[in-house]
Amino acid sequence: MNGYGIPEIFESEAEGIIKDVYKDIQYVLKVPIVNFIFRALANYPEFLSDAWFQVRPNMLTARIEVAAETLRYPDILVPVPAFHSNTAFNLYTQQHYIKNIVATFQYVNPKLLLIASAWSESLSNRPIEPKIISNEFIQPGLFDQMPKIELEHIPKAAPSVRNVLLDIAKEHHSFDVASDYRALATIPGLLEKVWPALKTFIGTEEYTLLQNRLLKKSIMLVHQEMPFPISFNRKRLESKYSSAHIAGIMSLVSYFQNFLPGLILEIEFIRRMLNPLDYHFKDDPHSLTQL
């Protein structure tokens with residue numbers, strides 16, 4: 001973002017252990033993108049590798065798949081305006097692409113929140129100590145219909161798109177913009193049309209209440225539902241990183257843990273905006289969230 005966004009390592013730039021971790025993240029989380037939380041933490045490769053391989057077995061269990069589902073469709077009560085995209089996006093392929101972008105992030109964001117909460121708890125000396133045993137696992141690997149997701153880079157975006165992305169960052173009190181918005185920004189005209197209504201929702205008391213509820217629920221779920229331990233802490237990091245780097249790692253984990261609940265709400269809001277135009281993919285048997 002004009003030189004002050006959160007430093008990140010994109011898939012095309014990944015080398016060595018980070019390249020291998022990125023491939024495994026996509027394989028386990030079943031999405032064709034390495035999300036922002038991992039791209040930011042890749043600046044600390046030993047931490048990301050260690051943290052990922054501790055959380056990995058949990059993300060392959062049916063229990064965590066179910067736990068993520070309980071976070072996926074928050075009960076938004078404010079009226080959501082219909083977005084009549086059939087006038088602006090009348091090509092079936094374009095509408096299908098929009099639908100699958102939204103479904104992709106709606107599927108993965110709850111998993112990312114569980115990961116961030118598990119890491120945050122462990123770094124705060126509240127390790128994940130399993131209370132249950134799970135012998136049921138999900139099949140890893142990308143869903144066939146998942147789209148290849150491109151991201152808009154803010155400095156290279158058209159002025160109208162760049163202005164919206166900068167406003168999104170400002171509204172979130174953030175130095176950068178989530179992959180979700182950067183993906184939607186690649187569709188000409190879409191983000192400019194959905195953002196005004198979404199911005200109004202973000203300013204409501206309901207948004208803040210639901211955001212806090214999702215965060216608390218994610219912390220409860222990682223302690224109750226994760227069947228494999230996560231035990232790294234600040235002391236463990238001291239052998240590999242300086243105090244400044246440890247502070248950077250902990251700040252990033254905390255940032256994403258607090259940011260992701262709102263993003264889950266916002267993607268659900270967008271899904272509902274698109275619903276009147278046959279975007280009922282929550283109930284669609286071919287929906288990504290049903291597979």
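Residues numbered from 1 in each chain as written. Predicted model: local features only at pLDDT ≥ 70, side-chain atom pairs only at ≥ 80, totals over all residues. Heavy atoms only, no water.

Caption draft 1: Inspection of the confidence of the model for the chain at higher detail. Model confidence for the chain is summarised by a mean pLDDT of 89, while 89% of its residues fall at 70 or above. Confidence, read as mean pLDDT per element, is least for helix α10 (residues 234-237) in the chain (88) and greatest for helix α9 (residues 205-225) (98). Between residues 277-291, whose pLDDT stays under 50, and residues either more than four places distant or in other chains, the model counts 40 contacts. (pLDDT = per-residue confidence, 0-100. Helix = DSSP H or I, 4+ residues; strand = E, 2+ residues; numbered from the N terminus. Contact = heavy atoms within 4.5 Å.)

Caption draft 2: Spotlight on the side chain of Ser49. You can see Ser49 is positioned in helix α3 (residues 45-59). Beyond its immediate chain neighbours, meaning those up to four positions away, Ser49 contacts Ile17 and Val21.

Caption draft 3: Representation of the packing of helix α1 (residues 16-29) against α3. Contact pair α1 / α3: the axes reach a minimum separation of 10 Å and the direction vectors enclose 20°. Taken as axis vectors, α1 and α3 run roughly parallel relative to one another. Viewed along their axes, α1 and α3 form a crossing whose handedness is left-handed. Note on element contacts: α3 touches α1 through Pro45, Leu48, Ser49, Trp52, Phe53, Arg56 and Met59, opposite Ile17, Ile18, Val21, Tyr22, Asp24, Ile25, Tyr27, Val28 and Leu29. (Axes fitted to C-alpha atoms, helices over the stretch in contact; angles between N-to-C directions. Parallel < 35°, antiparallel > 145°, perpendicular 65-115°, else oblique. Left-handed = near helix turned anticlockwise from the far one by under 90°.)

Caption draft 4: The arrangement of helix α6 (residues 159-171) in detail. With 13 residues, α6 extends 18 Å from end C-alpha to end C-alpha; this agrees with the ideal 18 Å at 1.5 Å per step. Taken as a whole, α6 has its buried residues at Val161, Val164, Leu165, Ile168 and Ala169. Buried residues of α6, seen end-on, are gathered within an arc of 140° and therefore sit on one face of the element. In α6, those exposed residues whose orientation departs by more than 90 degrees from the buried face are Pro159, Asn163 and Lys170. A positive backbone phi angle near 55° is found at His173, which sits one or two residues after α6. (Expected span 1.5 Å × (residues − 1). Buried < 20%, exposed > 50% of the residue type's maximum accessible area, 1.4 Å probe, protein only. Arc of directions from axis to C-beta.)

Caption draft 5: A look at the nonpolar core. Grouped together as the largest cluster of nonpolar side chains are 97 residues, with contacts concentrated most on Leu29, Phe38, Phe47, Trp119 and Tyr181. Examining the composition of this core, we find that 15 residues originate from one element, helix α11 (residues 243-274), more than from any other. If sequence neighbours within four positions are ignored, Trp119 has contacts with Ile37, Phe38, Leu41, Leu48, Ala51, Trp52, Val55, Phe232 and Val253. (Core = buried A, V, L, I, M, F, W, Y, C linked by side-chain atoms within 4.5 Å.)

Caption draft 6: Inspection of the pattern of salt bridges at higher detail. Throughout the structure, instances matching the rule amount to 11 salt bridges. Arg56 serves as the salt-bridge partner of Asp24, at 2.6 Å between the closest nitrogen and oxygen. Of the two residues, Asp24 sits in helix α1 while Arg56 sits in helix α3, which places them 32 residues apart along the sequence. Of the charged contacts in the structure, one is a salt bridge between Glu65 and Lys111, with a shortest N-O distance of 2.8 Å. Of the two residues, Glu65 is situated in helix α4 (residues 62-72) and Lys111 in helix α5 (residues 92-123); the sequence distance between them amounts to 46 residues. Residues participating in the shared-partner salt-bridge network are Glu8, Arg39 and Arg182. (Salt bridge = Lys/Arg side-chain N within 4 Å of Asp/Glu carboxyl O.)

Caption draft 7: Region of the structure containing the packing of α9 against α11. For the pair α9 and α11, interaxial distance at closest approach is 9 Å and the crossing angle is 120°. By the angle class used here, α9 and α11 are oblique. Along this stretch, α9 crosses α11, giving a crossing that reads as right-handed. Across from Tyr207, Leu210, Gln211, Leu214, Leu215 and Ile219 in α9, the residues of α11 making contact are Gln257, Asn258, Pro261, Gly262, Ile264, Leu265 and Glu266. Partitioned by chemical class, the residues of the contact of α9 with α11 number eight nonpolar, four polar and one charged. (Nonpolar A, V, L, I, M, F, W, Y, C, P; charged D, E, K, R; others polar.)

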